[in-house]
Amino acid sequence: MTSILISGDFMPGGRVAEFIERGEYEIPFSELKALNRQADYSIINFECAIADESDSPITKFGPNLKCSPKSFEALKWAGYDMVTLANNHFYDFGDSSIKKSFEAIEANNLDWVGAGFNAKDASKIFYKNINGKRFAFINCCENEFSVATDSHGGCNGLNPIKQFYSIAEAKLKADYIIVIIHGGHEHLQLPSPRMKETYRFFVDAGADAVINHHQHCYSGFEYYNGKPIVYGLGNLCFDLGADTDKLWNEGFVAHLTFDDDKVTLSTHPYIQCSKEPDVRFLEDKTDFENNIKRLNDIIADDKLLRKSVEEFYIKTKRAMLSPFEPYNNRYLRAAWYRRLIPSTFRGLRVRQIHNFIMCESHLDRLRCIIADKLHNN
């Protein structure tokens, strides 16, 4: 029997960063360390870049996040064995930052998966022998500015066809396959129908567990063909100060147990970086368990899930449509065609539209909003 813990997004900023720089790891991470000691292997998503004044932020839409190399020392102290790197912030400071990250990871004897100096490098499967069994780890993220190409580094982009072949390769070499994905809609506690379909496809292809994070809130889970799929872990340690929204501060660690052909999931819910800059596991889990049941019931019902997610899309339509709005009547369009007024399709606006089109979750939302517009016009 083998137990593996998988934690969500780690971005050591704010008050937590101050403890890390002083080497005072006990206050933020003591309870995590106690939990990690109970497992055979522990994994966390490292969602930022190692960068200093010599590193320039990449051009993107959204914030560029960075932290100190000591963050990996803190994770090692807390009992983590692996960092997953495929997310929308690991490449925020370019290739020089990736090099510094890999150096710090290796200096702390941590395993890693999900990033590299080119797309082929980033897509490599990581294999690990644990308790006499061989595990394969596949890590990818939705396609935002962090994704590696043939000409620059970054993260392993979500591509179900490529991940299918990775799973097929892993089936020949490993006893168990775990797919870890970074994606979904921020601040929505539900997966999109596309996510549900894709993650189930990974199980059909041979994955033994599929785990997702990114949304800054936890979601529900299901067993599909006997294999656990977790649709959102929430922030593991992402400090924005003491007055953040409760949803931001809640999450859970996924506890996977592998026993022959059986894979089981249990959860360890916590509050992170709320009044105090730490991670504290819940003693009273009643509210968490009730909410997880509510989310799981929605996820299990395809029609209810689609309805719930589309309601979220429509509520947020103004933010999605804003970059498409300028010059939307015939007089302004005519003036633009005659070059009497400048194009607004440049700079930040171009990057925002690019992000909406390339990122799977943003595109899901945009398609729904445009379809609703067509229906109601």
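Scroll up a little and you will see the structure.
Rules and cut-offs
- Residues numbered from 1 in each chain as written.
- Predicted model: local features only at pLDDT ≥ 70, side-chain atom pairs only at ≥ 80, totals over all residues.
- Heavy atoms only, no water.
- Helix = DSSP H or I, 4+ residues; strand = E, 2+ residues; numbered from the N terminus.
- Rg over C-alpha atoms; globule rule 2.2 N^0.38 Å.
- Buried < 20%, exposed > 50% of the residue type's maximum accessible area, 1.4 Å probe, protein only.
- Areas by Shrake-Rupley, 256 points an atom, 1.4 Å probe, with all protein chains shown as cover.
- Lys, Arg positive; Asp, Glu negative; His and termini not counted.
- Charge placed at Lys NZ, Arg CZ, Asp CG, Glu CD.
- Disulfide = S-S within 2.5 Å.
- Salt bridge = Lys/Arg side-chain N within 4 Å of Asp/Glu carboxyl O.
- Pairing = 2+ DSSP bridges.
- Axes fitted to C-alpha atoms, helices over the stretch in contact; angles between N-to-C directions.
- Contact = heavy atoms within 4.5 Å.
- Phe/Tyr/Trp six-rings, centres within 6.5 Å; stacked < 30°, edge-to-face > 60°.
- Lys NZ or Arg CZ within 6 Å of the ring centre and 35° of its normal.
- Parallel < 35°, antiparallel > 145°, perpendicular 65-115°, else oblique.
- Nonpolar A, V, L, I, M, F, W, Y, C, P; charged D, E, K, R; others polar.
- Expected span 1.5 Å × (residues − 1).
- Arc of directions from axis to C-beta.

Asker: Even after reading the chapter, I still don't get the overall build of the chain, so can you show me in this structure?
Answerer: A count of helices and strands for the chain gives 14 helices and 18 strands. For 377 residues, the compact-globule estimate of 2.2 N^0.38 gives 21 Å, and the C-alpha radius of gyration of the chain, at 21 Å, lies within 12% of that figure. With the C-alpha coordinates of the chain rotated into their principal frame, the extents come out at 70 × 50 × 45 Å. A total of 377 residues make up the chain; the buried ones form 55% of that total. For the chain, the accessible area works out to roughly 17400 Å², and carbon and sulfur atoms hold 52% of it. Of the charged side chains in the chain, 45 are positive and 51 negative; the average position of the first set lies 8 Å away from that of the second.

Asker: Could you clarify how one ought to interpret the state of the cysteines in this entry?
Answerer: Think of a disulfide as a covalent bridge from one cysteine sulfur atom to another cysteine sulfur atom. Enumeration over the complete set of coordinates arrives at zero disulfides. With no disulfide of its own, Cys140 has Cys141 as its nearest cysteine by sulfur position, at a separation of 7.1 Å. The class for Cys140 is buried, based on a relative accessible area of 0%. Not engaged in a disulfide, the cysteine Cys217 finds its nearest cysteine sulfur in Cys359; these two sulfurs lie 15 Å apart. A residue is classified by how much of its surface remains accessible, and Cys217, at 0% relative accessible area, is buried.

Asker: I keep staring at the pattern of salt bridges and nothing clicks. Help me out?
Answerer: Oppositely charged side chains are able to pair whenever their charged atoms sit close together. The final tally for this structure, using the stated rule, is 19 salt bridges. The salt bridge partner of Glu169 is Lys173, with a shortest N-O separation of 3.3 Å. Highlighted residues: Glu169 and Lys173, both in helix H6 (residues 160-173), separated by four residues, approximately one helical turn. On the basis of relative accessibility, which here comes to 35%, the residue Glu169 falls in the partly exposed class. When salt bridges that share partners are traced, they join Asp52, Asp55 and Lys100 into one network.

Asker: Which parts of the structure should I look at to understand the sheet that holds strand S8 (residues 126-130)?
Answerer: Sheet strands line up and pair through hydrogen bonds in the backbone, either parallel or antiparallel. Strand order across the open sheet formed by six strands is S8-S9-S11-S12-S14-S13, with mixed pairing between neighbours. Looking at strand neighbours, the two that pair on one side only are S8 and strand S13 (221-224), the edges of this open sheet. Recorded for the sheet is a direction-independent mean angle of 20 degrees between the axes of neighbouring strands. Packing of H6 onto the sheet brings it into contact with S8, strand S9 (133-141) and strand S11 (176-182), and relative to S9 it is tilted by some 170 degrees.

Asker: When you look at the packing of aromatic side chains in this model, what are you seeing that I'm missing?
Answerer: For any pair of aromatic rings, the description rests on two quantities: the centre-to-centre distance and the angle between the ring planes. In the structure shown here, the tally under the stated rule is 23 aromatic pairs. Considering the side-chain rings of Tyr176 and Phe258, the 4.8 Å spacing of their centres and the 50 degrees angle between planes classify their relative orientation as tilted. Pair noted here: Tyr176 is in strand S11 and Phe258 is in strand S16 (residues 250-259), with a separation of 82 residues, a long-range link. The pair Tyr176 / Phe258 is uniform in exposure class, with both members buried. We note Arg22 situated over the ring of Phe19; from NZ or CZ to the ring centre the distance is 5.0 Å. Sitting over the face of the ring of Trp77, Lys33 holds its NZ or CZ atom 4.0 Å from the ring centroid.

Asker: Looking at this structure, I do not really get the packing of helix H10 (residues 302-315) against helix H14 (residues 360-376). What am I missing?
Answerer: For any two helices packed against each other, one specifies the crossing angle of their axes together with the interaxial distance. Here H10 crosses H14 at 80 degrees, and the two axes come no closer than 9 Å. In terms of axis orientation, H10 runs roughly perpendicular to H14. Across the interface between the two elements, Glu310, Phe312, Tyr313 and Ile314 of H10 pack against Asp364, Arg365, Cys368, Ile369 and Asp372 of H14. Residues of the contact of H10 with H14, tallied by class, amount to five nonpolar, no polar and four charged.

Asker: When you look at helix H4 (residues 94-107) in this model, what are you seeing that I'm missing?
Answerer: Side chains three or four residues apart in an α-helix point the same way, a direct result of the helix having 3.6 residues per turn. With 14 residues, H4 should reach 20 Å at 1.5 Å per residue; the first-to-last C-alpha distance of 20 Å fits that figure. Listing the buried residues of H4 in full gives Gly94, Ser97, Ile98, Ser101, Phe102, Ala104 and Ile105. Looking straight down H4, one finds that the buried residues subtend no more than 165 degrees of arc, so they occupy a single side. For H4, the exposed residues set more than 90 degrees away from the buried face come down to Glu106 and Ala107. Just past H4, the residue Asn109 takes up positive phi, approximately 55 degrees.

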